[in-house]
Amino acid sequence: MKQCMLKEKKTLFPLIIEATAKDIVLLAEAIEPFRKTHQHIMELSQKLRQIIFGYKAQSCYSKEFKDFINELKNLENIICKWILVEEDLIFPKVNSDLAKAKFITTVFR
């Protein structure tokens, strides 16, 4: 997960910030692998949540294991927030710009 976040920070976000109209198509293509990674990460976190019974610590668990479960829950919350920001705010802006670029290209051909 950390590698994905670092890759986004170093490669994808600068592309988004500096994108021109010509770059939008390439940018939309660059986003797709990140979307697939997000989907995979969310599937893995759902499986983990199921394995650990929805992050509900049982009374028989040690304090250390309860702390571990709580940290996993916090990590999932952070990951979900990160992905939601990208999926709900950043990526739709790029897709909107892509749609505009395609429309303009089609109209003025």
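Residues numbered from 1 in each chain as written. Predicted model: local features only at pLDDT ≥ 70, side-chain atom pairs only at ≥ 80, totals over all residues. Heavy atoms only, no water.

Visitor: Help me understand the side chain of Ser45, please; the structure alone is not making it clear to me.
Guide: For Ser45, the position within the fold is in helix α2 (residues 24-51). The buried category is assigned to Ser45, whose relative accessible area is 13%. (Helix = DSSP H or I, 4+ residues; strand = E, 2+ residues; numbered from the N terminus. Buried < 20%, exposed > 50% of the residue type's maximum accessible area, 1.4 Å probe, protein only.)

Visitor: Whenever I open this one, the packing of aromatic side chains confuses me. Can you help?
Guide: In this description, a pair of aromatic rings is defined by centroid distance and the angle of the planes. Applying the stated criterion across every chain yields a total of 2 aromatic pairs. When the centroid spacing of 5.0 Å and the interplanar angle of 85 degrees are considered together, the rings of Tyr61 and Phe65 count as edge-to-face. The exposure class of Phe65 is partly exposed, given its relative accessible area of 34%. Every member of this aromatic cluster is reached through a ring pair, and the members are Tyr61, Phe65 and Phe68. (Phe/Tyr/Trp six-rings, centres within 6.5 Å; stacked < 30°, edge-to-face > 60°.)

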